[in-house]
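Survey of secondary and tertiary structure
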Amino acid sequence: MHTYLIRGNVIFFYVLTTLLCLSMACSLSVFFGQTDASISLPKAKPIRFRAVDKPYLPPHEMAVISFTTDADLSPVWNWNVKQIFVWFQLEYQTKSNKVNRVVVWDRIITSKDNVHLKLTNEPPKYPLIDFNHELSGVKMNATLHWDVMPLVGILKTGHAQLESSTIFEIPENYY
């Protein structure tokens, strides 16, 4: 017969192999996760647009934009999600730059209870600032993005973009 040391060794490595196989199955299961969510397309509108001239900053234009959206990210949440990082991004073109992407709002969702975002006329966390004075009359495209950060596996992203007919425009005059 085998000694207790050999029997213990067999049991230990059997348990270790079983845990390894289960860990690999868990890691592979994250590739089949869903990144699409139910989103009513975000709507955005400028609240305030003005020129700012302060002694400690160079002169610039500042726009404050509020937005409304109803985003249900619960299909994205599963057993392997640690948190979901959600942000609202504006994209526009100016004479100086072909592509401008600016994040005006963000939130970190850390529990399944908070995955439904119902935002109405939400003020931005960060104002839109342009030091070249090229914001007036610019058409902007608003997009709601999210990153799903898993406990194990790769980072997944998703987004919901405005329809081309509802892209908003910054007014020509300050108010």
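Up top is the structure these notes are about.
All of these numbers come straight from a predicted model, not from anything done at the bench.

Cut-offs and rules
- Residues numbered from 1 in each chain as written.
- Predicted model: local features only at pLDDT ≥ 70, side-chain atom pairs only at ≥ 80, totals over all residues.
- Heavy atoms only, no water.
- Helix = DSSP H or I, 4+ residues; strand = E, 2+ residues; numbered from the N terminus.
- Buried < 20%, exposed > 50% of the residue type's maximum accessible area, 1.4 Å probe, protein only.
- Contact = heavy atoms within 4.5 Å.
- Areas by Shrake-Rupley, 256 points an atom, 1.4 Å probe, with all protein chains shown as cover.
- Phe/Tyr/Trp six-rings, centres within 6.5 Å; stacked < 30°, edge-to-face > 60°.
- Core = buried A, V, L, I, M, F, W, Y, C linked by side-chain atoms within 4.5 Å.
- Patch = residues over 30% accessible without salt bridge, like charges linked within 9 Å, V, L, I, M, F, W, Y side chains within 5 Å.
- Salt bridge = Lys/Arg side-chain N within 4 Å of Asp/Glu carboxyl O.
- Polar contact = N/O pair within 3.5 Å; in protein donor to acceptor, adjacent residues only side chain to side chain.
- Pairing = 2+ DSSP bridges.

Another point: the overall build of the chain. Check the secondary structure of the chain and you find one helix and nine strands. Seen in sequence order, the chain has helices and strands lined up from the N terminus as α-β-β-β-β-β-β-β-β-β. Within the span of the chain, comprising 175 residues, buried residues form 35% of the whole. Across the chain, every contact between residues at least 6 apart in sequence was considered, and the portion connecting residues at least 24 apart equals 67%. Counting only carbon and sulfur atoms, one obtains 59% of the accessible surface of the chain, whose full area is about 11100 Å².

This next bit is on the side chain of His145. Within the secondary structure layout, His145 lies in strand 7 (residues 139-150). Given the relative accessible area of 17%, His145 is considered buried. The residues contacting His145, other than those within four sequence positions of it, are Phe85, Val86, Trp87, Gln89, Gly158 and His159.

Each aromatic ring pair is described using two quantities: the centre-to-centre distance and the angle formed by the ring planes. As enumerated under the stated definition, the model contains four aromatic pairs in all. Measuring from centroid to centroid gives 5.1 Å for Phe12 and Phe13, while their planes differ by 85 degrees, and the two rings are edge-to-face. Through successive ring pairs, a cluster of aromatic residues spans Phe67, Phe88 and Trp105.

A separate point is the nonpolar core. Among the nonpolar cores identified, the biggest contains 32 residues, and Leu73, Ile84, Val86, Leu90, Met140 and Trp146 are the most heavily contacted of them. Counting only elements with at least two residues in this core, the list comes to strand 1 (38-52), strand 2 (60-72), strand 3 (81-92), strand 4 (100-109), strand 5 (116-122) and strand 7. Ranked by residue count, the leading element in this core is strand 3, at six residues. The residues contacting Leu90, other than those within four sequence positions of it, are Ile65, Asn100, Arg101, Val102, Val104, Leu128, Met140, Asn141, Ala142 and Phe168.

Time to look at a nonpolar patch on the surface. Taken together, the side chains of Ile11, Tyr14, Val15, Leu19 and Leu22 present a nonpolar region at the surface, about 540 Å² in accessible area. Looking at where Ile11 falls in the secondary structure, it is placed in helix 1 (residues 4-29).

In this structure, Gln89 sits in strand 3. Only 3.4 Å separates the side chain of Gln89 from the side chain of Trp87, close enough to count as a polar contact.

A few words on the pairing of strand 3. A large share of strand 3 lies buried, amounting to nine of its twelve residues. Pairing of strand 3 with strand 4, which is carried by nine bridges, proceeds in the antiparallel orientation. Across the sheet, residue Gln89 finds its bridge partner in strand 4, namely Val103.

Geometric values such as these leave the question of function open.
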